[in-house]
Amino acid sequence: MKKILTTCTYCGCGCGLYLQVEGNEVIGVTPSREHPISRGSLCVKGWNIHEFIQHPDRLRTPLIKKKGGFEEVSWDEAFNLIAEKFKRIKKRFGPDSLGVLASAKCTNEENYLLSKFTRAVLGTNNIDHCARLCHSSTVVGLATAFGSGAMTNSINEIEEADCILVAGSNTTLQHPQIGSRILNAVEKGASLIVVDPRTTQLVSFALLHLKPRPGTDVAWINGMMHVILKKGLANLDFVKKRTENFPALKRKLAKFTPQYVERITGIPKEDLKEAAGIYARAKRAILIYSMGITQHVTGTDNVLSLANLTLLTSHVGRPYTGLNPLRGQNNVQGACDMGALPDFYSGYQKVSNAPCRRKFERAWNVKLPQNKGLTIIEMVREAGRIKGMYIMGENPALSDPDITHTVEALKSLDFLVVQDIFLTETAQLADVVLPGASFAEKDGSFTSTERRVQRVRKSINPVGEAKADWEIICDLSKKMGYPLNYESPEEVMEEIALLTPIYGGIYYDRLEKTFGLQWPCWNKKHPGTTFLHRGSFSRGKGHFTPIDYKPAKELPSKKYSFILTTGRLYYHWHTGSMTRRSSTLHREYPEGFIEMNLQDAQRLGIKNKEMVRVISRRGKITIQALVGELIIPGTVFIPFHFKEAAANLLTNPVLDPKAKIPEYKVCAVRIERIER
Amino acid sequence: MKNIYLPQLGKIKRVQKETSDVKTFTLAPLRGAGFTFFLKEKIKFIPGQFLEISVFGTGEAPFSISSSPTQKDLQISIKDVGSVTSALHNLRKGQVIGLRGPFGNGFPIKDIRGYDILFVGGGIGLAPLRSLINYILDKRKNFERIIILYGAKNPEELVFKDELKGWERRKDVELLVTVDEGDGKWKRNVGVVTTLFEKIKVNPKKAFAFVCGPPVMIPFVIEGLVKIGLKDERIFANLERYMKCGVGKCGHCNIGPKYTCLDGPVFSYKEIKGLSKEF
Amino acid sequence: MRDWILYKEHTFPLIRRLNKHFEIIAPVEGKGGDIVFDPITSEHDVVLDFTNTIMPPKRFFFPQFETLFSWKGKEFTLAPPRGAGLTVPLKTKRRIIFGIRPCDFSGILFLDGYYALAYEDNYYFTRRNNTLFILLGCNEPQEHCFCLSAGTGPFLKRGFDIQLTDLKDRYYVQIGSRKGKELIERYDYFFRPASREEKEENIQTVREAERKFKEEVDFDLVAKKMENEEVPESLWQELAVRCQNCGGCSYVCPTCFCFNLIDRVTGKEEGKRMRTWDSCTFSGYTRMAGGYNPREEKKDRVKRRFYHKLVYEPQQFGMHGCVGCGRCVTTCLGNINMPRVMHEIMK
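Residues numbered from 1 in each chain as written. Chains lettered and ligands numbered in written order. Predicted model: local features only at pLDDT ≥ 70, side-chain atom pairs only at ≥ 80, totals over all residues. Heavy atoms only, no water.

**A short note on the sheet that holds strand 3 (residues 25–31) of chain A**
Residue and element names in this part refer to chain A.
Okay, step 1: Here 3 strands make up an open sheet; going across it, the order is 1-2-3 and the pairing antiparallel. The sheet is open, and its two edges are formed by strand 1 (2–7) and strand 3, each paired on a single side. Across this sheet, the average inter-strand angle for adjacent strands is 35 degrees, counted without regard to direction.
Okay, step 2: The sheet contact formed by strand 1 and strand 2 (residues 16–22) spans 6 bridges and is antiparallel. Paired with lysine 3 across the two strands is glutamine 20, which belongs to strand 2. (Pairing = 2+ DSSP bridges. Helix = DSSP H or I, 4+ residues; strand = E, 2+ residues; numbered from the N terminus. Axes fitted to C-alpha atoms, helices over the stretch in contact; angles between N-to-C directions.)

Written out as structure tokens, the structure is:
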């Protein structure tokens, strides 16, 4: 038996854990106590992480679809077919007829290589990944306001805050370590304000719980700023010295009186005033937000509004004080950092910026495309234009909004390659399936939500003939005539450090000695950065963007009278391909449910645990009703993990115009009792 | 040391449909397959004991034996409610299963000789009681009155229908049946099983009562029996719990300081009374 | 039995010698600087000035995830068997756990009792009976330690094979079993008999260590109050709100023995039955087929966890289900703190 230190592959907290290995089998887990985030604890998913790793359902050989069924083939046969098909499509329809989805579950090195492969070998900027679906509005919004789209603070700073405002984040369930830090802060006397239409576990510790109707976030945020200005609680000195465009904001806020906001959001005006006062008066205020803010057609607006709020109160750019988007996936921060995005190379260097492009052209020794590529949803929505796709470790056939359409689009492709560890819903639609390696079977690095780049270490050999994803990309690239010769992920990281200023000082030998480094880390001597925007913002001055309230795209109507909001559970991860194969996790929630308010249920004659039909303009599902008082009347919640009752058959694929994030958090549905 | 988790292989000898979702399986251990059996070919047991049945690939679950040790056949009667039960329901004659057991304490058959025996069953809860009823009927002279109160949701859900008829015909058995909801043809009692209490006269000094049914039913029945005047130590309930190992190791079936699989599944009311609402 | 002295400079040579005949599991430093129990490759891996490990060595006897048996053959899909069948993969080596703390060893003694109740768990005992335990008593309690109150430390009086007390430059060696005596006899050239002064020094060291405990709770009084239902429900409710259902308190507990059994199909005609650690704080732990759950509310599950450890287990075995190691305090994301809860109960 031996224990190998690595980084958890579930959420963005980035816990350090040891995998217990016997022979070539992972048989257990030990949390690291020295690690600054795990500190001797893990969430239920981390504790049971060994269960999925060597599950019998793992893909063990490459598969090619022949006559409707999959056939096991050699790596050579699979690579030859992919190379031939991609070359043919590229020749016939041009490089922009190819699209690539990278993976927030894979390592930094793998995402970097896939970005390189897409741009240098396929010759297109059509690369994106699931960050589009969770925090693209953060990236756009915070780039505009501050110049950098990441958590401004570190996880452990939260404990020292004296006010924590949590908006649209079920933190104890989705980022358990951060939830735990919030509890610690409350124990030390911090005031907690929770803004959520659902009564989450955090509410038990909150001083105030504001329950806005989904889709009305700009209104309450503007309302808070209105109150803050009126009460003279704004830090006008800070506003003057470190921000720009304040007058425009001030004009916009005039009409957002507490009364007006109450009408839109349903938040009682007294509560709004109190929340504004507590937040503004705090000395060390941490604002935390997540999908409840970003996954809207107004996602970017919401993020910009929160940025306005922090700028107005000077609650940013100091220790224990800032604006903190919680990134969901273990390496969604890293996948963005590595340039698995249609408009950026690694380190947010723009593809449209000629000097940047020239730098990468020189390094990669190839001419690079300069037009911005397509986003996830655009690739799928423009399936006519996209002829071939390469999907690494993503499952859009269950995770995209309106999946009926997504599945049709994926089916209509000329050629689809999926690289994954399980035969997911998306992999089932593929022409070629490549077996990748799990996090326990390869070396690399993940970047956590607090910008901490940390090592992932190989503990066992990949199952069957599966290969590390970085090796797959290198092998395929070679077949396509552009050899990627790296001895190890460490060598890839050396290239990343050379080409990516914010990763400039990140080398494996430094990651060995510590539990990672937080970017920006400019050079080998730089100690990394605990919090951002000290003294000045990444873009210079903080920028106020006046925002008006716009309602969600699909509001309740007579026929579809409920607002559906979607999200995750504690025990499951996304499309469930890992967690539903873990006996302990699956047992806790073997099936999906719709959470609804008691009043609504009584009106419709629906009893707790009864099966109901949920119908939107796009689809319908049958699902168990969980009746209670944890959600406001008129709004219902469905977790999206379960393929048998897929919430995304219902969701609305309408996009935020700037960030192209779909509105997962609001669509209109109808609920029908099933007559027995 | 014996391997307490290793099942003996057995096969399904016969499948009998009781209701739309209840089947009775007649089981037989397999001979000569080269395994270390820790059971004899003929499984000896006490009514009320249970077997751990494996459907390989789906899992293992405990089931009370529904046949009497005085009979030739070894039977379990199963309602299709979960993964293992549903896998069992899909098995046919001749198919292989795993068997461990018999486990659990069983009914106190030695202590009840010479007494009136009152059975109160609900739904599939009649299965373990049937084992004891048939055992007593095979040793009829050792016992006084036999009263069986049995209730189900509706007439279709009554299990062991043929046997119920047989018991009804016997002069030495008092059988009363009820359903929560009748259909057009139903002429007997309608109502929950406790409504049958008014229709019988029991001498509490001379009686033992045995209760088995859905968890919601048990407290009400016990309350009724206490009202009739039965002493706590003369009332026995067959408790059901989520159970895995069957041998007091996995912890799941624990109620207070008791393990359903070792100390039960048959408990006297005296034993479980203090365990408050947990049973 | 006579007590012995082992000079610290002889400890590594002794371990090296033992390692030729035994698998030695000892505290070693993991990559992140964490001290964990693992098999050693060299005696120099062993760390003996450690604060208690993140997890007890329980998993070397009761692994987190293990195959109980596997099956292979046509019979498992349809026809009656023809020779093929069930295989048990259980293998053991002769092992020494070196440097286990008294609280963790008390956990092993607890499991010895539990896993022998009515039926013996052969997987546990096959490993257990092949193992010799060399305890290292604790001169310094850690932040969350309360073994003194639990009666499981900082030093044990009996039950161990060998127990070491740190006397600065040497270890005071006590023998507690025949196995331990045989080991010392076989390697007697590493030891010399303890002097009267050393015996006295050992007693003083133990007393001094006991005086250092900040945390003190009366297990019996707490149990009595709980038995008499004198604990307000609001306490359990408050804990339930804090509990985040990670299962960690059970996983790190030296006495927690619960497991789940699952089947995994590994091929067309083959599969295996596995067991995996379980926790009574999960709702699936008691939910029955069909959906009924006698402990549906988290409050009931949290409450039962405390009742089980502090009331039911003493009733059953005369041993507390808590050895006072404080690990569940460290691992809890919701800051549920066993001694603090006990103080709360006493209020």
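Don't stop here, the text continues.
**Observations regarding the interface of chain C and chain B**
Okay, step 1: Contacts between the two partners involve 53 residues from chain C and, on the opposite side, 44 residues from chain B.
Okay, step 2: With both chains or domains summed, chain C and chain B bury close to 4100 Å², and 61% of this area falls on carbon and sulfur atoms.
Okay, step 3: The tally of links from chain C across to chain B stands at 1 salt bridge.
Okay, step 4: A salt bridge links glutamate 60 of chain B to arginine 273 of chain C, with the shortest nitrogen-to-oxygen separation between them at 3.5 Å. (Contact = heavy atoms within 4.5 Å. Buried area = accessible area lost by both parts, 1.4 Å probe. Salt bridge = Lys/Arg side-chain N within 4 Å of Asp/Glu carboxyl O.)

**Quick look at the interface of chain C and chain A**
Okay, step 1: The interface is formed by 50 residues belonging to chain C together with 52 residues belonging to chain A.
Okay, step 2: Summed over the shared surface of chain C and chain A, the result is 5 salt bridges.
Okay, step 3: A salt bridge links aspartate 278 of chain C to arginine 587 of chain A, with the shortest nitrogen-to-oxygen separation between them at 2.7 Å.
Okay, step 4: Run the count over chain C and chain A and you get 34 residue pairs in polar contact (both at pLDDT 80 or more).
Okay, step 5: Every element with two or more residues in the side of chain C that touches chain A is listed here: strand 3 (35–39), helix 8 (233–242), helix 9 (248–251), strand 11 (259–267), strand 12 (270–277) and helix 11 (327–331) of chain C.
Okay, step 6: Broken down by element, the residue count for the side of chain C that touches chain A peaks at 5 residues, all from strand 11 of chain C. (Polar contact = N/O pair within 3.5 Å; in protein donor to acceptor, adjacent residues only side chain to side chain.)

**Here's the deal with the pairing of strand 11 of chain C**
Within a regular beta strand, the side chains point alternately toward one face of the sheet and then the other, so they alternate between its two faces.
All names here are of chain C.
Okay, step 1: Bridge analysis of strand 11 against strand 12 gives 8 bridges, and the strand direction is antiparallel. Within strand 12, the residue paired with glycine 267 across the bridge is glutamate 270.
Okay, step 2: Connecting strand 11 to the antiparallel partner strand 12 that follows it, the hairpin turn spans 2 residues.

**Let's talk about the confidence of the model for chain C**
Okay, step 1: For chain C, per-residue confidence averages 92 on the pLDDT scale, and 96% of positions sit at 70 or higher.
Okay, step 2: For the stretch residues 77–84 of chain C, pLDDT sits under 50, and the model shows 23 contacts to residues farther than four places along the chain or on other chains. (pLDDT = per-residue confidence, 0-100.)

**Overview of the domain arrangement of chain B**
Residue and element names in this part refer to chain B.
Okay, step 1: Domain annotation for chain B reports domain 1 (8–103) and domain 2 (116–238).
Okay, step 2: One C-alpha centre belongs to domain 1, the other to domain 2, and the line joining them spans 25 Å.
Okay, step 3: Taken together, the contact between domain 1 and domain 2 spans 20 residues of the former and 17 residues of the latter.
Okay, step 4: Summing both partners gives a buried area of about 1400 Å² for domain 1 against domain 2, and 54% of it is carried by carbon and sulfur.
Okay, step 5: Across the domain 1-domain 2 interface, the total number found is 1 salt bridge.
Okay, step 6: For lysine 79, the salt bridge goes to glutamate 157, with nearest N and O atoms at 3.9 Å.
Okay, step 7: At the boundary of domain 1 and domain 2, one finds 8 residue pairs in polar contact (both at pLDDT 80 or more).
Okay, step 8: Among the elements of the structure, strand 2 (22–29) and strand 5 (74–79) are those that each provide at least two residues to the side of domain 1 that touches domain 2.
Okay, step 9: Counting residues per element, the side of domain 1 that touches domain 2 draws most heavily on strand 5, at 4 residues.
Okay, step 10: Residues of the side of domain 1 that touches domain 2, tallied by class, amount to 6 nonpolar, 12 polar and 2 charged. (Domains from an automatic or database assignment. Nonpolar A, V, L, I, M, F, W, Y, C, P; charged D, E, K, R; others polar.)

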